[in-house]
Amino acid sequence: MGRGKLRIYLGAAPGVGKTYAMLSEAHRRVERGTDCVVAFVEHHNRPRTEVMLHGLEQVPRKHLDYRGSAFTEMDVDAVLLRAPAVALVDELAHTNVPGSRNAKRWQDVEELLAAGIDVVSTVNIQHLESLGDVVESITGVRQRETVPDEVVRRADQIELVDMSPQALRRRMAHGNIYKSDKVDAALSNYFRPGNLTALRELALLWVADRVDEYLTEYRSEHRVSKIWGSRERIVVGLTGGPEGRTLIRRAARLAEKGAGGEVMAVYIARSDGLTSASPKELAVQRTLVEDLGGTFHHVVGDDIPVALLDFARGVNATQIVLGSSRRKTWQYVFGPGVGATVARESGADLDVHIVTHDEVAKGRGLPVARGARLGRSRIIWGWVVGVGGPVVLALLLNTIDLGLANDMLLFLTVTVAAALLGGLFPALASAAFGSLLLNYFYTPPLHRLTIADPKNIVAIAIFVGVAVSVASVVDLAARRTHQAARLRAESEILSFLAGSVLRGETSLEALLERVRETFGMEAVALLERAGDVDPWTCAGSVGPRSPKRPEDADVDMPVGDHMALALSGRVLPASDRRVLAAFAAQAAVVLDRQRLQHEADQAKELAEGNRIRTALLAAVSHDLRTPLAAIKAAVSSLRSDDVAWSEEDQAELLEAIEEGADRLDHLVGNLLDMSRLQTGTVTPLIREIDLDEVVPMALGGVPEDSAELDIPETLPMVAVDPGLLERAVANLVENAVKYSPTDEPVLVSASAMANRVEVRVVDRGPGVPDEAKDRIFAPFQRYGDAPRGAGVGLGLAVARGFAEAMGGTLNAEDTPGGGLTMVLTVRAVDSLPDLATATAERQAS
């Protein structure tokens, strides 16, 4: 059983008539004989909507108790048990009462669709996830019930239910939406003209973008070469903070403004470990961006702006979305911040959007660190304190006399501060410089580098020992922090690899792209060779100028004896090679999996070839034998001397011979055509011709009154092979006549659309369900209970093969009102600037 179809009535605002339109559609379907039930519809005590429920079967609701109150929800099990053809489910974004089968109603709908039940549902534009922030800014109301945009975008049909703000407010004032005691408050708040106009604009823009996506998909499927519109690729820089959700939704809205926009959220983990994102928050943001149709990426990089710009340029991004800094004003003394740096370094090819949010200037960890374990700024401050601190302290102590013990404690404090800031070496410098100053200024004899009292020697030695110990502890802590950050990043990457194995991902290019992103490389290639002395070959690569040999790469990681992962761009530290080895091993596994899949596909093709040969033998043994037997019987009867045949009998026998010969000619022709298509020897001779010169000739094989022709004279000329086109149309017409009622002639019409011409063969027969529409074009397929004498099932396969050989397409659609329509698309002359080149390319492929 195939998946059901989803139709959504999208409303610009509450009360525009979504439910009424849905119920009207249900009545139309019931009148046509469709098994349609009401799974859940809420009429909200609106009289006109309640009246529309009359005459429709309603599935009983499920009663639930929650916190002492009784609620009713859609009974998914009851609907599945009823198994109607169409189910009406109102309010797609509704949140179910706790204890229900699913948390959201759209999840209930997904179960019905998976069971093969068509669903008609409703949703308002303000309930789309990506528009939550916009709707709140317009109306001042935060929508708690939302549905992922991707759920609505996957709908087979989306119909906008719209109404002008003035008309909607009149409906509200007449009491058609809310009760009279709520009308004044609604008109003064949510249903203000400005709010309704803005919501209407959102709905129109969203539906327009959806239509644009459908047109792009349709043109791709029908090989329409001229496509307008640019593709926006937007990178969202995430810090792991709560503002990430706002940034993702903002980027999703930006992407929707352009045809085919794409959102890529990237979190860059620093190896210094000074800041760490909340894994829970990152998981929420990953889910959000995937629900909005985007992708999530995790990259390791010490310099955040550089890593972000490298990633954006590596994926050919057009825009970067960043949040306003969460740092406080005093923290800007450490640098301008990531946003300002990215905006300055982005150049003219990247637009940078700085988005405000609720977390601006509320504080964050230490500023960007780009140095080693402690960060460059901390090391600089450590040296400043370690060298300048003792000098400043000595100048202060020369003005007052605190005693040698206090002086040593103060110098020790400076050394400890240098150790906490800069680590071991600034602290050692501070200890050495401070001990010299103590000896010269404060240890008798003064102003000399000698020590008279042995006790002072012990005190200075203890001072140096304590300073060195504290510095060592601080440096060790920094090392452990750095190692923990590295291990955390490595564990996240290895977790991704393990997840890709469990998900069965088999794209080698995607994995190599992940390697390039993670290590910030220019190009990555997986190389292999058959033996130790054989040349290297590239099994897969990403990036410009990928290395051809391991010797040409900046980094190479062997995988077994005859395979290596080669990277170019920079030399990796030894600590990164462990993770790189895991990537290399996974790349080898993915390559093996791809090859096994290729071998399985080849085996499938061989099995398909065996099936076709078996079917061909069956056709020869039965379908060809039947007309031969009829011809032989008729000829034997005519030659028999035992019976005196009348002229009428002789004419009838001769007619049977002629019909049998025609059937043989048709069957043998289709078999030969199919064999030519299977072996790739069909070479179309493309030339310019009018359709009305070819299509009428294709109707010669059917009774005179069984088909009607409608070919306008104003159609442009087409570039086709006349012989192949005639055979393809003839097969389509013969198939349509075979299944169409005798009193319903087949209609053959043509029309021009953009740079192509469509020939439509329309019948009023029983039709074909959606799941079988592609299968009927397979060789030796006869739909339904067609008798074997009806043919060997090659007519439609040959027609599609000829259409594709000429650069066209052949698809099946439902005929409105019942039946099947074959749509044969060929290219108009204007769309072929170089016919010879196009023909040569097809023959070469």
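Structural data are supplied above this passage.
Because the structure is a prediction, the values reported are computed rather than measured.

Novice: Where do I start with the nonpolar core in this structure?
Specialist: Across soluble globular proteins, you tend to see nonpolar side chains buried next to one another. Within the largest apolar cluster, 61 residues are counted, with the highest numbers of intra-cluster contacts made by Leu88, Leu112 and Val147. Per-element accounting of this core gives the leading share, six residues, to helix H9 (residues 193-221). Listed in part, the 43 residues of the second largest apolar core include Ala707, Leu796, Val798 and Ala799.

Novice: Would you mind going over helix H23 (residues 795-805) with me for this structure?
Specialist: Structurally, the α-helix is built with 3.6 residues per turn, so residues lying three or four positions apart point the same way. Among the eleven residues that make up H23, ten are buried, leaving the element largely enclosed by the rest of the structure. For H23, the set of buried residues is Gly795, Leu796, Ala797, Val798, Ala799, Arg800, Gly801, Phe802, Ala803 and Ala805. Following H23 by one or two positions, glycine 807 has its phi on the positive side, about 85°.

Novice: I keep staring at the sheet that holds strand E8 (residues 157-161) and nothing clicks. Help me out?
Specialist: Hydrogen bonds between backbone atoms are what pair the strands of a sheet, whose relative direction is either parallel or antiparallel. Taken in spatial order, the six strands of this open sheet run E3-E2-E6-E7-E1-E8, and their pairing is parallel. Only two strands of the sheet have a single neighbouring strand rather than two, namely strand E3 (57-58) and E8. Alignment of strand E6 (residues 86-89) against strand E7 (residues 118-124), held across four bridges, turns out to be parallel. Note on E7: the bridge partner recorded for valine 86 is aspartate 118. Where helix H1 (residues 18-31) meets the sheet, it contacts strand E1 (6-11), strand E2 (36-40), E6, E7 and E8, and its direction lies at approximately 145° from that of E1.

Novice: Whenever I open this one, the sheet that holds strand E12 (residues 319-323) confuses me. Can you help?
Specialist: Pairing within the open sheet is parallel, and its five strands lie in the order E11-E10-E9-E12-E13. The sheet terminates laterally at strand E11 (295-300) and strand E13 (351-355), the two strands that pair on one side only. Adjacent strand axes in the sheet meet at a mean angle of 25°, parallel and antiparallel pairs treated alike. Of the strand pairs in this sheet, E12 and E13 are connected by five bridges, and their pairing is parallel. Bridge pairing in E13 links valine 321 to histidine 353.

Novice: Can you walk me through the packing of aromatic side chains in this structure?
Specialist: What describes a pair of aromatic rings is the distance from one ring centre to the other and the angle between the planes of the rings. The tally for this structure, following the rule as stated, stands at zero aromatic pairs. One residue, arginine 61, lies across the ring of phenylalanine 40, its end atom 4.0 Å from the ring centre. A cation over a ring is seen here: arginine 800 above phenylalanine 777, with NZ or CZ 3.9 Å from the ring centre.

Novice: When you look at the pattern of salt bridges in this model, what are you seeing that I'm missing?
Specialist: Proximity of charged atoms lets side chains of opposite charge pair with each other. One pass over the structure, following the stated rule, counts 28 salt bridges. Between arginine 82 and aspartate 35 there is a salt bridge; the shortest N-O distance is 2.7 Å. Here the residue arginine 82 occupies a position in helix H3 (residues 76-82), and aspartate 35 occupies one in the loop between H1 and E2, the gap between them amounting to 47 residues. A residue is classified by how much of its surface remains accessible, and arginine 82, at 29% relative accessible area, is partly exposed. For aspartate 35, a relative accessible area of 31% translates into the label partly exposed. Its salt-bridge partner being aspartate 770, residue lysine 773 comes within 2.8 Å of it at the nearest N-O pair. Lysine 773 sits in the buried class, given a relative accessible area of 10%. Taken together, the shared-partner salt bridges in this structure form one network comprising Arg7, Glu25, Arg28, Arg29 and Glu159.

Reading the values: rules and limits
Residues numbered from 1 in each chain as written. Predicted model: local features only at pLDDT ≥ 70, side-chain atom pairs only at ≥ 80, totals over all residues. Heavy atoms only, no water. Core = buried A, V, L, I, M, F, W, Y, C linked by side-chain atoms within 4.5 Å. Buried < 20%, exposed > 50% of the residue type's maximum accessible area, 1.4 Å probe, protein only. Helix = DSSP H or I, 4+ residues; strand = E, 2+ residues; numbered from the N terminus. Pairing = 2+ DSSP bridges. Contact = heavy atoms within 4.5 Å. Axes fitted to C-alpha atoms, helices over the stretch in contact; angles between N-to-C directions. Phe/Tyr/Trp six-rings, centres within 6.5 Å; stacked < 30°, edge-to-face > 60°. Lys NZ or Arg CZ within 6 Å of the ring centre and 35° of its normal. Salt bridge = Lys/Arg side-chain N within 4 Å of Asp/Glu carboxyl O.

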